[in-house]
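Inside the fold
Residue strings, one per chain:
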Amino acid sequence: MEYDPGLVRIRQCAIEDAAGPSFPPIEFQAEQEAAHPVLQKRVCVVRVRLAPLPWLTINEVKKIADFIKNKVPCNPKIGIVCGSGLGVIGDRIRNGVYIKYEDIPGFLVSTVVGHRGALLIGDLNGVEVVCMLGRFHFYEGYPTWKCALPIRVMRFLGVETVIVTNAAGSVNPTYRVGDVMLLKDHLFLPSICGGLNPLIGPNDDKLGVRFPSLTTAYDKKLREIALETAEALGLRESFHEGVYVMNSGPAFETIAELNFLRSAGADAVGMSTLPEVVTARHCGLRVLAFSLITNECIMEYDSDKPHPTQEEVIETAEAKQEQISDFVFHLVSGMNKEALAC
Ligand SMILES: O=P(O)(O)O[C@@H]1C[C@H](O)[C@@H](CO)O1
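To keep things clear, this report deals only with the structure shown in the data block.

Cut-off values and rules
- Residues numbered from 1 in each chain as written.
- Predicted model: local features only at pLDDT ≥ 70, side-chain atom pairs only at ≥ 80, totals over all residues.
- Heavy atoms only, no water.
- Near = heavy atom within 4 Å.
- Polar contact = N/O pair within 3.5 Å; in protein donor to acceptor, adjacent residues only side chain to side chain.
- Areas by Shrake-Rupley, 256 points an atom, 1.4 Å probe, with all protein chains shown as cover.
- Helix = DSSP H or I, 4+ residues; strand = E, 2+ residues; numbered from the N terminus.
- Salt bridge = Lys/Arg side-chain N within 4 Å of Asp/Glu carboxyl O.
- Buried < 20%, exposed > 50% of the residue type's maximum accessible area, 1.4 Å probe, protein only.
- Phe/Tyr/Trp six-rings, centres within 6.5 Å; stacked < 30°, edge-to-face > 60°.
- Lys NZ or Arg CZ within 6 Å of the ring centre and 35° of its normal.

Looking now at the site of the ligand. In the neighbourhood of the ligand, 12 residues make up the surrounding shell, with Ser84, Arg135, His137, Ser272 and Gln310 lying closest. At 2.7 Å, a side-chain N or O of His137 approaches an oxygen atom of the ligand. Contacts to the ligand include Ala167, whose backbone N or O atom sits 2.9 Å from an oxygen atom. Alone, the ligand offers 330 Å² of accessible surface; in the complex the protein occludes 95% of this. At the level of secondary structure, the elements contributing two or more residues to the shell around the ligand comprise β7 (161-170) and α9 (310-341).

Our next topic: the pattern of salt bridges. Side chains bearing opposite charge may pair, as long as their charged atoms lie close to each other. All told, the structure shown has 10 salt bridges when counted by the stated rule. A salt bridge links Arg92 to Asp326, with the nearest nitrogen and oxygen atoms 3.1 Å apart. With Arg92 in the loop between β3 (78-81) and β4 (94-100) and Asp326 in helix α9, this pair connects stretches of sequence that are 234 residues apart. Given the relative accessible area of 22%, Arg92 is considered partly exposed. Classification of Asp326 by relative accessible area gives partly exposed; the value is 25%.

By the definition in use, this model includes 6 aromatic pairs. When the ring of Tyr101 is compared with that of Phe136, the centres are 5.1 Å apart and the planes differ by 55 degrees; the resulting orientation is tilted. Taken as a pair, Tyr101 in the loop between β4 and β5 (118-124) and Phe136 in the loop between β6 (127-133) and α3 (144-147) lie far apart in primary sequence, 35 residues in all. One exposure class covers both Tyr101 and Phe136, and it is buried. Each ring, one from Phe290 and one from Phe327, has its centre 5.5 Å from the other, and the planes form 75 degrees; the classification is edge-to-face. Of this pair, Phe290 sits in strand β11 (residues 286-296) while Phe327 sits in helix α9, and the two are 37 residues apart along the sequence. Note on accessibility: Phe290 and Phe327 belong to one class, buried. Among the aromatic residues, ring-to-ring pairing joins Tyr101, Phe107, Phe136 and Tyr142 into one connected group. One cation-aromatic arrangement involves Arg92 over Phe329; the distance from NZ or CZ to the ring centre is 4.3 Å.

Below, the structure is given as structure tokens:
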């Protein structure tokens, strides 16, 4: 259809100005030309379609939580995110009800091997928990805020504390494959270098503050309970506290990158967890996070050690899964006792 392109451009500018520069793309379609009844001029009628904002509002997140509560009446206080190969933690849950991610409207789907793709709600050692059997990664193509959406859903299910787990490679030479590192701090590279913080976008003050502090992101008391649990299980020697660094993935790191990360203070490197931790702290959840060290990172050019592969990651996780699930089984009980005593 013929229309005056100048007129469309003017209207487009006006709408973009009003909407602000961070608005998502706006589509314009010249629909028809008509005589303006008052101005007695021919004008172009334009249909404007505003793309919806990409972020979910609190009400939309609540709706997902309500859907889950309607399906499974529940009141979980602890949420668990299972990293690669660690879904076996769910096998210890009694009277559990599974909800596949694909059956939850507004949720996402797991696309990675080793991630089962379901929520499991039930009793873990006397504590009601909601467990994510598989998580969402940035490298799957999900924006970081979406990777962390389940954490907000957990918050609206009533969760107060989250245990976030992952598989990671060690850059600390004292760590061994099969060890566990409790996160005491992190380097969120995709956030500080790439602007990929999950809290970017409109902030709802009802959920959390615009500028949350992460100085004490990893709860000290929960780490103490975790170390006591490891001690009681005879695992203390293989437990460490350290700094986790997130690489966006999916490529594993180069030797130069690993040496750079080590010199920056990292102990272990992975491709997940931090969007969830930041989102959890923003909405007031306490966080305990740990990495299972599934491989040693290669830091020297003349090394003849095997290159890291996802198969090795899953293999180590599977070899250690019973120990890890036993640890989490006892850990939730200790955490629950502490929460009740507070
Ligand atoms: O979900 P996690 O972080 O355990 O997934 C593992 C670790 C890396 O993200 C990726 C490559 O091994 O899988």
